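Listed here are the chains, written in short residue letters.
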Amino acid sequence: MSVRVRFAPSPTGLLHIGGARTALYCHLFAKANGGSFILRIEDTDLERSKREYEEAMVEDLKWCGLEWHEGPGKGGDFGPYRQSERTEIYKGLAEQLVSEGKAYPCFLTNDELEELTEKAKSENKAPHIYHDKYRDLDPAEAQKRVAAGETHVIRFKNPNKKVTFTDLVRGEVTFPEDMVGDFVIMRSNGMPVYNFCCVIDDWKMEMTHVMRAEEHLNNTVRQLLIYEAFGAKAPEFAHCSLLVGEDRQKLSKRHGATSVVQYKDQHFLPQALMNYLCLLGWSHPEEKDIWDLDEIVSLFDLTRFSKSPALYDIEKLKHFNGEHMRRLSTKDLVSYLKPTLSENHPFHSQSEQWQETCLEFFKEKINTPQELPEHLDVLFSTTPSESEESKEVASWETTPQIKEYVTSEVKRLADEGAEFVSVEAFNEMTNHCKKELKIKGKFLFKGLRLALTGMAEGPDLKVVIPLTPMAVMKSRLAL
RNA sequence: GCUCCCAUCGUCUAGUCUGGUCUAGGACACCGCCUUUUCACGGCGGUAACAGGGGUUCGAAUCCCCUUGGGAGUACCA
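Residues numbered from 1 in each chain as written. Chains lettered and ligands numbered in written order. Predicted model: local features only at pLDDT ≥ 70, side-chain atom pairs only at ≥ 80, totals over all residues. Heavy atoms only, no water.

### What to know about the overall build of chain A
Thought 1: Across its full length, chain A carries 20 helices and eleven strands.
Thought 2: Taken along its principal axes, the extent of the C-alpha atoms in chain A is 110 × 50 × 40 Å.
Thought 3: Of all 479 residues assigned to chain A, the portion counted as buried reaches 50%.
Thought 4: Put simply, 74% of the contacts in chain A that link residues at least 6 apart link residues at least 24 apart.
Thought 5: Accessible surface computed for chain A: about 23,100 Å², of which carbon and sulfur atoms make up 48%. (Helix = DSSP H or I, 4+ residues; strand = E, 2+ residues; numbered from the N terminus. Buried < 20%, exposed > 50% of the residue type's maximum accessible area, 1.4 Å probe, protein only. Contact = heavy atoms within 4.5 Å. Areas by Shrake-Rupley, 256 points an atom, 1.4 Å probe, with all protein chains shown as cover.)

See the structure below:
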């Protein structure tokens, strides 16, 4: 039987970094095994689920490069893929359980429920211990009350047995018999509850593996019980570690930028995000750290998962982004970085050739597009630096000599129609200062730098000067 | 409270299953040196970890137990 795994988000918000990682693992696992990756929308929470969130998630997933084989809008043999469109299936199956005596209607009101929970707590017992009041109500009587339209939920009649299963990343896990009690499977509004519809769908959609985050580990006991009630074969489970923030708590909005779309908006490279996320809980067999997804699919397997939670660190993500950016071809590099610059940035008015040379040079100095503009200042800024160092260089008696000379030289070149000061021209200036003005060492180079760029430090002048537009040069020299 | 999970540098991790080759390896960050007119890049190097305690064993980061610590769950959220 071929592998089938699903990513099943709830459209109650934007795609989260943690969700993206889970989706990535599912995608990779399916691909590594020649199986199918399915997208299923878990929108049974009517109040919180929004179609716009679903649409945004689809977009973000696509941006991540995680394509799926079956899902809403895409089709497949096991649809519909939106739980809100499958309520009849759940309803029928819930009724089946009731008729088999494996589930029962419960008429507890919210107030009663709360009271019972408080009572259990005050007695230091599990909160759910008294929720089974209607467990043994005569089925005929229950049926009558349901038919009369009395508000009710459907509870699962827990056989109260110890549950053991083998998790693909955690090994054997055992839960005690009294862990969950008679839990709700159908809400009073007729919608199923997560643990119920999740099982139905994984079963009916013939999932072979369920990969999800550790927060769901405890849910597995309920789900296993339901599979058993239907006599259905449960899929294999793999619970991967949680992603945590600085405070070691589950990563959430309050930890800052945790939505995928924020990284998209900040122009991170999706391949860098995926690469980094993948390594947060999974390790490459040869400890390689920079790669594209398709380079590791054949290597991807469940045995290399870490069991402990991983801390999400944006600084390291930036490093990954830098590495991936440097792997881009010149053409891709330009089309990646160019749109990140503001529309009126002087970069855009330069030639294609110039842009390529420029970015090939500056890519070494940055990890993210945000860092680019400040580096570009050395080519475009006409505001001289006011740092201590600049003041010192300006105070040297050789500096005015250099400035006077290069000013006349640049003027001559400009008058001749040169658009840039070429490397050759720059070298000639340097030699002139050296031979005729007898200036050398740091007095020469720092003086030249200050005169030509207005700054005391920066990248190699031989690269920077030929890239500086003549108009900028003239402005700096007050020509 | 109860249940479950987890535990190697500040962080992500390799090594744990199949004890010895681990005076614990790599990466991010940090620091230093080299190169460079400067900064960056690069190269080289450095600081830094097996939570604690008991076992088992000739030998334990690796196996067992306890303690401690952290996390998750305990909903008519998923």
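### Some remarks on the layout of surface pockets
Thought 1: The volume enclosed by the largest pocket comes to roughly 1,300 Å³.
Thought 2: Taken together, the elements giving at least two residues each to the lining of the largest pocket come down to strand 1 (4-7), helix 1 (17-32) and strand 8 (209-213).
Thought 3: Element by element, the count of residues in the lining of the largest pocket is highest for helix 1, at four residues.
Thought 4: For the second largest pocket, the calculated volume is near 290 Å³.
Thought 5: For the lining of the second largest pocket, the secondary structure elements donating two or more residues are helix 3 (87-99), helix 5 (139-147) and strand 4 (153-156).
Thought 6: Ranked by the residues each element gives to the lining of the second largest pocket, the list is headed by helix 3, at four residues.
Thought 7: Classifying every residue of the lining of the second largest pocket by side-chain character gives seven nonpolar, five polar and four charged. (1 Å grid on protein atoms, 1.4 Å probe; cavity = no way out; pocket = protein on both sides within 12 Å on 5 of 7 lines; lining within 4 Å. Points joined across faces, edges and corners; volume = space filled by probe spheres on them. Nonpolar A, V, L, I, M, F, W, Y, C, P; charged D, E, K, R; others polar.)

### Topic: the protein's contact with RNA strand B
Thought 1: Close contacts around RNA strand B come from 58 residues, with T44, R170, R187, E287 and G458 the closest.
Thought 2: Backbone atoms, meaning sugar and phosphate, form 70% of the atoms of RNA strand B found within 4 Å of the protein.
Thought 3: In the model, a phosphate oxygen of RNA strand B is placed 3.0 Å from a nitrogen or oxygen of the S283 side chain.
Thought 4: Contact distances for RNA strand B include 3.2 Å between a phosphate oxygen and a backbone N or O atom of L311.
Thought 5: For the surface near RNA strand B, the secondary-structure elements that each account for two or more residues are strand 6 (171-175), helix 7 (219-230), strand 11 (310-311), helix 11 (314-327) and helix 18 (441-453).
Thought 6: Grouping the constituent residues of the surface near RNA strand B by class yields 20 nonpolar, 16 polar and 22 charged. (Near = heavy atom within 4 Å. Polar contact = N/O pair within 3.5 Å; in protein donor to acceptor, adjacent residues only side chain to side chain.)

### Examining the pattern of salt bridges
Thought 1: Using the criterion set out here, one finds 34 salt bridges in the structure.
Thought 2: Notably, a salt bridge pairs E123 with K125, separated by 3.2 Å at the nearest N-O pair.
Thought 3: Given a relative accessible area of 33%, E123 falls into the partly exposed group.
Thought 4: What makes K125 partly exposed here is its relative accessible area of 42%.
Thought 5: D182 serves as the salt-bridge partner of R135, at 2.8 Å between the closest nitrogen and oxygen. In this pair, R135 sits in the loop between helix 4 (110-122) and helix 5 while D182 sits in the loop between strand 6 and strand 7 (184-186), placing the two residues 47 residues apart along the sequence. Accessibility assignment for this pair places R135 and D182 in one class, buried.
Thought 6: Members of the salt-bridge network, linked through shared partners, are R6, R40, E42, R86, D201 and D202. (Salt bridge = Lys/Arg side-chain N within 4 Å of Asp/Glu carboxyl O.)

### Brief notes about the packing of helix 9 (residues 270-278) against helix 11
The packing of two helices is summarised by the inter-axis angle and the distance between the axes.
Thought 1: Running from N to C, helix 9 and helix 11 point in directions that differ by 130 degrees, and their axes come no closer than 8 Å. Classed by the angle they form, the pair helix 9 and helix 11 counts as oblique. For the crossing formed where helix 9 meets helix 11, the hand is right-handed. In this structure, helix 9 uses Q271, A272, L273, N275 and Y276 to contact helix 11, whose residues at the interface are K316, L317, F320, N321 and H324.
Thought 2: Here the contact of helix 9 with helix 11 is composed, by residue class, of five nonpolar, four polar and one charged. (Axes fitted to C-alpha atoms, helices over the stretch in contact; angles between N-to-C directions. Parallel < 35°, antiparallel > 145°, perpendicular 65-115°, else oblique. Left-handed = near helix turned anticlockwise from the far one by under 90°.)

### Examining the domain arrangement of chain A
Thought 1: Each assigned domain of chain A is listed here: domain 1 (1-72 + 241-327), domain 2 (331-378) and domain 3 (381-476).
Thought 2: The straight-line distance from the C-alpha centre of domain 1 to that of domain 2 is 29 Å.
Thought 3: Contacts between the two partners involve ten residues from domain 1 and, on the opposite side, twelve residues from domain 2.
Thought 4: Buried area between domain 1 and domain 2, both sides added, is near 950 Å², and the carbon and sulfur share of it is 57%.
Thought 5: When the buried area of domain 1 at its contact with domain 2 is split by residue, H267, M325 and R326 rank highest and sum to 64% of it.
Thought 6: Inspection of the domain 1/domain 2 interface yields zero salt bridges.
Thought 7: Our count for the domain 1 to domain 2 interface comes out at eight residue pairs in polar contact (both at pLDDT 80 or more). (Domains from an automatic or database assignment. Buried area = accessible area lost by both parts, 1.4 Å probe.)

### Here's the deal with helix 17 (residues 423-435)
Given 3.6 residues to a turn, an α-helix orients residues that are three or four positions apart in the same direction.
Thought 1: The terminal C-alpha atoms of helix 17 lie 18 Å apart, and with 13 residues this matches the ideal 18 Å at 1.5 Å per residue to within 8%.
Thought 2: Residues of helix 17 that are buried: A425, F426, M429, T430 and C433. Down the axis of helix 17, the smallest arc covering the buried residues is 140 degrees, so these residues share one side. Of the exposed residues in helix 17, those oriented more than 90 degrees away from the buried face are E424, E428 and K435.
Thought 3: Against helix 16 (398-415), helix 18 and helix 19 (461-467) lie the buried residues of helix 17. (Expected span 1.5 Å × (residues − 1). Arc of directions from axis to C-beta.)

### Concerning the packing of aromatic side chains
Thought 1: Across all of its chains, the model carries 19 aromatic pairs by this definition.
Thought 2: One aromatic cluster is present, formed by Y25, W282, W291, F300 and F305 through successive ring pairs.
Thought 3: Over the aromatic face of F107 sits the side chain of R145, whose NZ or CZ is 4.3 Å from the ring centroid.
Thought 4: A cation sits over an aromatic face here: R222 above F183, 5.7 Å from the ring centre. (Phe/Tyr/Trp six-rings, centres within 6.5 Å; stacked < 30°, edge-to-face > 60°. Lys NZ or Arg CZ within 6 Å of the ring centre and 35° of its normal.)

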